[in-house]
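# Descriptive analysis of the structure
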Amino acid sequence: MRALVTGAAGFLGQYITEALLRRGDTVVNVSRGRYPTLDALGVESISLDLGNADTLEAQNQLVSACRGVDVVFHSAAISGIGEPWERYYRTNTLGTQNLLRAAQLAGVRKFVFTSSPSVTFAGEPQCNVDESAPYPKTWLSHYPHSKALAEEMVLSANGEAGMLTCALRPHLIWGPRDKALIPRLIARARSGRLCRVGDGTNLVDMIYVENAADAHLQAADALEVGAPVCGRAYFLSQGEPVNCWEWINELLSLYDLPPVKRSISFRTAWRVGSICETIWKTFHWQSDPPMTRFLAAQLAYSHYFNITRAQQDFGYSPRISYEAGMTALREEFLRGSAKK
């Protein structure tokens, strides 16, 4: 089939692209830039900022990109905790709206949206939560708010103009070629700025990147008229939560770094986060603050999810084990060290 992938040069997007190409599908990438890695794979790339596709010319270009496409995988987004609301909303929410409209006008049959479990996070522990969990009434961070608005839009569009939709919520995606989660963690550890928040007993879900990519293809293949996957959201993980800080220490050991020794209480982290948010907002700084209330709650509280619905509706099962994924990370680090 012919697939359109947004953010195909991103962490998850590139794994989705490679999985599609391995099975013989054709891939079109829509993103703001051009990437030699995608050119080398034979991917057709179209340079377009989805959040700014408001002009008639940009809209026509986006519709043209969607013509002949069987399925859209919308994985592009701005993440993090430090950007202003307007940027999250324009990229994550309006960008999704623009792509949805173009896909409908072009007659695309399937639309798979990469969402986030944080769309249900209200700053409280989440233990074995399933998809019946509602969106929060108040938001601690702009990113999940913007993603929730986009997810709601995608799911509501199911059945419109003959298009079938679903949303996937992979939690803490990790693996080789990560340019966000693990590099930030390692950088903080090396600079001495990493400390444990809370009592260190919280359990969290995560997912190896190839398993997240597999789930996207499985969900797309299952999107057929009358199938249960249509119009639904799905949590994704390795299927077994881990102790957050034991996992972080194990990650650090892969990079020959010592375990986290310093710690602060959740209440202290919450207060520091509130102060940082005020300062960053006052001075309009667009970098990620060292702490926010959202981050404090994420680092201190348990949050893991029930993936039964994904297992039942489209046969999701993690192909790569936790141990195999950690081995792949260590091998990537050793290869990088050998080149230096």
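Please refer to the structure placed before this passage.
Residues numbered from 1 in each chain as written. Predicted model: local features only at pLDDT ≥ 70, side-chain atom pairs only at ≥ 80, totals over all residues. Heavy atoms only, no water.

On to the packing of helix H4 (residues 85-105) against helix H5 (residues 142-156). It is at 9 Å that the axes of H4 and H5 come closest, and there the two elements cross at 15°. Between H4 and H5, the crossing angle belongs to the class labelled roughly parallel. Crossing of H4 over H5 shows right-handed handedness. Packed against H4, whose contacting residues are Trp 85, Tyr 88, Tyr 89, Asn 92, Thr 93, Thr 96, Gln 97 and Leu 100, the element H5 presents His 142, Tyr 143, His 145, Ser 146, Lys 147, Leu 149, Ala 150, Met 153 and Val 154 at the interface. Here the residues of the contact of H4 with H5 sort into 9 nonpolar, 7 polar and 1 charged. (Axes fitted to C-alpha atoms, helices over the stretch in contact; angles between N-to-C directions. Helix = DSSP H or I, 4+ residues; strand = E, 2+ residues; numbered from the N terminus. Parallel < 35°, antiparallel > 145°, perpendicular 65-115°, else oblique. Left-handed = near helix turned anticlockwise from the far one by under 90°. Contact = heavy atoms within 4.5 Å. Nonpolar A, V, L, I, M, F, W, Y, C, P; charged D, E, K, R; others polar.)

What follows deals with the packing of aromatic side chains. Applying the stated criterion to the full structure yields 13 aromatic pairs. Between the aromatic rings of Phe 266 and Tyr 301, the centroid separation amounts to 4.7 Å while the plane-to-plane angle is 45°, which identifies the pairing as tilted. Taken together, the residues Phe 266 in helix H9 (residues 266-283) and Tyr 301 in the loop between helix H10 (293-300) and strand S15 (303-305) connect sequence positions 35 residues apart. A relative accessible area of 21% places Tyr 301 in the partly exposed class. Across from the ring centre of Phe 235, 4.9 Å away, lies the NZ or CZ of Arg 169, which sits over that ring. (Phe/Tyr/Trp six-rings, centres within 6.5 Å; stacked < 30°, edge-to-face > 60°. Buried < 20%, exposed > 50% of the residue type's maximum accessible area, 1.4 Å probe, protein only. Lys NZ or Arg CZ within 6 Å of the ring centre and 35° of its normal.)

Nonpolar side chains collect at one region of the surface, where Ile 275, Ile 279, Phe 283 and Trp 285 lie side by side and expose about 410 Å² of accessible area between them. One can find Trp 285 in the loop between H9 and H10. The exposure class assigned to Trp 285 is partly exposed, which follows from its relative accessible area of 41%. (Patch = residues over 30% accessible without salt bridge, like charges linked within 9 Å, V, L, I, M, F, W, Y side chains within 5 Å. Areas by Shrake-Rupley, 256 points an atom, 1.4 Å probe, with all protein chains shown as cover. Salt bridge = Lys/Arg side-chain N within 4 Å of Asp/Glu carboxyl O.)

Taken residue by residue, helix H6 (residues 181-190) has Ile 182, Leu 185 and Ile 186 as its buried positions. Along the long axis of H6, the arc covered by the buried residues comes to 95°, so they all point the same way. Immediately downstream of H6, the backbone of Gly 192 shows phi near 80°, a positive value. (Arc of directions from axis to C-beta.)

Here we come to the pattern of salt bridges. Within this structure, the stated rule accounts for 15 salt bridges. Residues participating in the shared-partner salt-bridge network are Arg 23, Asp 25 and Asp 221.

With that settled, consider the sheet that holds strand S1 (residues 2-6). With parallel pairing, 7 strands are arranged side by side in an open sheet as S3-S2-S1-S4-S5-S7-S12. Each having just a single partner strand, strand S3 (44-47) and strand S12 (232-236) make up the two edges of the open sheet. The sheet shows a mean angle of 20° between the axes of neighbouring strands, direction not considered. Taken together, the 4 bridges between strand S2 (residues 26-31) and S3 define a ladder with parallel strand orientation. Its bridge partner lying in S3, Val 30 is registered against Ile 46. Contacting S1, S2 and S3, helix H3 (residues 56-66) runs over the sheet at an angle of about 165° to S3. (Pairing = 2+ DSSP bridges.)

Another point: the pairing of strand S4 (residues 71-74). Here S4 shows a buried face lined by Val 71 and Phe 73 and a second buried face lined by Val 72 and His 74. Judged from the 4 bridges that link them, S1 and S4 form a sheet pairing that is parallel. Bridge pairing in S4 places Ala 3 opposite Val 71. Between the parallel elements S4 and strand S5 (residues 110-114), the chain passes through H4 in a crossover that is right-handed. (Right-handed = clockwise from strand over helix to strand, strands pointing away.)

Core analysis: the largest hydrophobic core is formed by 37 residues, its most contacted members being Phe 73 and Phe 314. For Phe 314, the residues in contact, after removing those within four places along its chain, are Leu 168, Ala 215, Gln 218, Ala 219, Ala 222, Val 229, Tyr 234 and Leu 236. (Core = buried A, V, L, I, M, F, W, Y, C linked by side-chain atoms within 4.5 Å.)

It is worth stressing that arrangement in space is one thing and function is another; only the former is reported here.
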